[in-house]
Amino acid sequence: MMKLWEGTIPLLAEEGWRDSLIEAGAPGWSARRYCSADLLLRLRPIGLALRATPSAPSLGSAHPPLLCEEGHKFHDVAATFINGTKIAEDIKREVASELEDLKHRGIQPGLAVVLVGDDAASSAYVNMKAKTCEQLGFYSRKLTMPSSLSTDQLLCEVRKLNQDDAIDGILVQLPLPKHLNKHAILESVDPQKDVDGFHSANVGSLVLGHETLVACTPLGVMEVLRRSGVKIEGANAIVLGRSDDVGKPQAILLMHANATVTICHSKTRNLPDVVRQADIVVAAIGKTAMVTRDWVKPGAVVIDVGTNKVSDRAEVQRLFGDDPTRWKDFEKRGYIWVGDVDERGVKEVASMMTPVPGGVGPMTIATLMKNTLKAARTRRAV
């Protein structure tokens, strides 16, 4: 008959849990790699019996896996990668179907994207948005303006779009040249056409829980969680980052979905310990591979919003070893995109996680399309 445990002797002894053992004996067993003490504490009230398996002599001090009473390994498998590209395609198909219905009623929603300057990355992103609009059936308009443009001149152009009945959504591509007043420009967009969700009226409505247009990236994260079957209600969620466009609205959305939310940032004390309490981690702090394996509780869901360019060969080797896919991308471009999460380590403890690229990134344009459709329906009362 196998021995049943609610943990393992060394781990529980360290935590002062000597009385928690179902049966004494077998010193030297360990489950630190797979299960933290707080998780054991939460499993115990529901009556889940756990057993530890002693390591084979050849493994030395290696940590054996923690098993449930059915004999299945507990998180002894790599995380499931969430396919954000597929989810984004599903959303775009849904939007295209709705647009087809509106087309039969003589309605074609329109999106205007304003690009200031000649930044290559911004230009490529704007072109991608315009292409997606055309593919789905939106009317799209791209306004390209010189970087020498003044704030007043740009405000004038935005006001024209506000008054244009063919335009349902307005997006001012960021970042703007530093001499422009970003706040004044974003506030000049008609809140009903603010498909980026940055206007203070829409942010205020989000805080109050009113129906409104929400920033595309955090809205995309919520779509990823829900469509992946992640239970948000009652979960402990950590948002790592407090930016106006991701961190803050993300925390509010999770709170409205009945998660218990903590916002962390670079000044948070004992940051790894705080993040380790989370059932859901949304990493949006902008630091390459900052969230490592020891930051993540076994079984947590990890959403990586980070987009960091890595062009150093030694750094690629450190992060991904000899991963052929990563090296192929690196040799082709001279750089690769990496998130805020150390993918190679975290995938060993998380239950689900988003990759970079191919996770949250594709969701941003998909939710922009969804926001534009929503803005059109609201403005046109259809």
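Note that the structure is a prediction, hence the values are computed from the model and not measured.

Definitions and limits used
Residues numbered from 1 in each chain as written. Predicted model: local features only at pLDDT ≥ 70, side-chain atom pairs only at ≥ 80, totals over all residues. Heavy atoms only, no water. Axes fitted to C-alpha atoms, helices over the stretch in contact; angles between N-to-C directions. Helix = DSSP H or I, 4+ residues; strand = E, 2+ residues; numbered from the N terminus. Parallel < 35°, antiparallel > 145°, perpendicular 65-115°, else oblique. Contact = heavy atoms within 4.5 Å. Nonpolar A, V, L, I, M, F, W, Y, C, P; charged D, E, K, R; others polar. Pairing = 2+ DSSP bridges. Polar contact = N/O pair within 3.5 Å; in protein donor to acceptor, adjacent residues only side chain to side chain. Buried < 20%, exposed > 50% of the residue type's maximum accessible area, 1.4 Å probe, protein only.

Peer 1: Which residues make up the packing of helix H3 (residues 84-104) against helix H8 (residues 216-227), and what values go with them?
Peer 2: At a minimum axis separation of 10 Å, H3 and H8 run at an interaxial angle of 105°. With respect to each other, H3 and H8 are oriented roughly perpendicular. Packed against H3, whose contacting residues are Ile87, Asp90, Ile91 and Glu94, the element H8 presents Glu223, Val224 and Arg227 at the interface. Residue composition of the contact of H3 with H8, by class: three nonpolar, no polar and four charged.

Peer 1: With reference to specific residues and values, describe the sheet that holds strand E3 (residues 80-81).
Peer 2: An order of E3-E13-E10-E9-E7-E8 is seen for the six strands of this open sheet, with the pairing classed as parallel. A strand with exactly one partner marks an edge of an open sheet, and here the two such strands are E3 and strand E8 (260-264). Pairing between strand E7 (residues 236-240) and E8: five bridges, direction parallel. Paired with Leu240 across the two strands is Cys264, which belongs to E8. Most of the contacts of helix H9 (residues 247-256) go to E7, to which it runs at about 170°, and overall it touches E7, E8 and strand E9 (280-283).

Peer 1: Break down the side chain of Glu223 for me, citing the residues and quoting the values.
Peer 2: Note that Glu223 resides in helix H8. A polar atom in the side chain of Glu223 sits 2.8 Å from the side chain of Arg227.

Peer 1: I'd like a description of unusual backbone geometry, backed by residues and values.
Peer 2: In this model, Leu174 is joined to Pro175 through a cis peptide bond whose omega is 0°. Among the structural elements, Pro175 can be located in the loop between strand E6 (169-172) and helix H6 (182-188). Positive phi is not limited to glycine here, since Ala381 has a value of about 55°. With respect to the secondary-structure elements, Ala381 resides in the segment after helix H14 (361-380). According to the relative accessible area criterion, Ala381 is exposed, its value standing at 70%.

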